[in-house]
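# Chains, contacts and geometry: an overview
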Amino acid sequence: IDGISFLLIMLTTVLGFLAVLSSWNAIQERLKEYYAMFMLLQVGMLGVFMSLDFFLFYVFWEVMLVPMYFIIGVWGGPRKLYAAIKFFLYTLTGSVLMLLGILTLYFRFHTDTGMYTFNVLELMKHSPNWPLHLQVWVFVAFAIGFAIKVPMFPFHTWLPDAHVEAPTAGSVILAGVLLKMGTYGFVRFSLPLLPQASANPTVVKWMVGLSIVAIIYGALVSLMQRDMKKLIAYSSVSHLGFCTLGIFALNPHGLQGSVIQQINHGISTGALFLIVGLI
């Protein structure tokens, strides 16, 4: 664990504890299955923040999908199945593209060095040798996978549905931790593994542009909401626009600000969803 993941791991464990406490009276049926799913969800989230091996990272990334799908789909609100399936399909599409990006780097590393490895640190050492066109394509594959998770505009439409239908604890974990996996992916993998593509002016313009659109659009749409959970969900799109904007400012202040804002957002939005659950 290093500085990037340490804060997010602390956030995950604190929010997990609070989410279990908030389910105490809220969840009355299928208790055993509910808490089993919750524990599996924690395993997946912590695994994502701890793994420095691409294969493990991908496994944990996918493991976390299944319990969240069931938490929304079994213990959710009236349109729970629609929301659960939409969440699942969106995230799965992003994951498939991400997998293609990972495999591209894996085989390219073998072509260059004659060794097969999923070790992120080994791949990072080799990253300056990758040609720009390869970096850009892999960056796009990663960016779509991470952007759906963040969610950046225009991949954000699964989020309000998932939030509105999820039980309170599900919403807390979804907003507090799951959305941070996208921004964490950018900081941990996209920037250090694909340095030329990340600093490419066209790529930066697109990422910054989409972040600014998300900030303004998310804020305006949340002003119009009558459902409190939707209001917080759209405000999350806006807030995470600041996080992605900070990352693609490509300087230390931007990155530090982005990580701090991710933690802030996790705590404040988790608390907001707990309040809505209470009301």
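Going by the structure above, here's the rest.
What this report covers is the structure whose coordinates are included nearby. Nothing here was measured: the structure is a model prediction, and the numbers come from that model.

This paragraph deals with the packing of aromatic side chains. Using the criterion set out here, one finds 23 aromatic pairs in the structure. With centroids separated by 5.1 Å and ring planes inclined at 70 degrees, the aromatic side chains of Tyr106 and Phe107 adopt a geometry described as edge-to-face. Looking at Tyr106, the relative accessible area reads 17%, which means it is buried. Assessed through its relative accessible area of 43%, Phe107 is described here as partly exposed. Ring plane angle 45 degrees and centroid distance 5.8 Å describe the contact between Phe142 and Phe146, whose orientation is recorded as tilted. Of the two residues, Phe142 and Phe146 are both situated in helix 7 (residues 132–149); the distance of 4 residues between them amounts to about one turn of the helix. Given the relative accessible area of 1%, Phe142 is considered buried. The exposure class of Phe146 is buried, given its relative accessible area of 1%. Grouping aromatic residues by their ring pairs yields a cluster made of Phe54, Phe57, Trp61, Phe139, Phe142, Phe146, Phe186, Phe189 and Phe248. Looking at Lys149, its charged tip hangs above the ring of Trp61, at a distance of 5.7 Å from the centre.

Each value, and the rule that gives it
- Note on numbering: residues in each chain are counted from 1, in written sequence order.
- Local features in a predicted model are, by the rule used here, given only for residues with pLDDT of at least 70; side-chain atom pairs are given and counted only at 80 or more, and totals for whole chains, interfaces and linings are based on all residues.
- Side-chain measures here rest on the full set of heavy atoms in the structure, leaving out hydrogens and waters.
- Ring geometry is summarised as follows: Phe, Tyr and Trp rings, the Trp one being its six-membered ring, pair when their centres sit within 6.5 Å, and such pairs are stacked at plane angles under 30 degrees, edge-to-face over 60 and tilted between the two.
- Each residue is placed in one exposure class: buried if its accessible area under a 1.4 Å probe, protein chains only, is under 20% of its type's maximum, exposed if it is over 50%, and partly exposed if it falls in between.
- Numbered from the N terminus, helices here are DSSP runs of H or I no shorter than four residues, and strands are runs of E no shorter than two.
- Comment: the charge-over-ring label is applied if NZ (Lys) or CZ (Arg) is within 6 Å of the ring centre and within 35 degrees of the ring normal.

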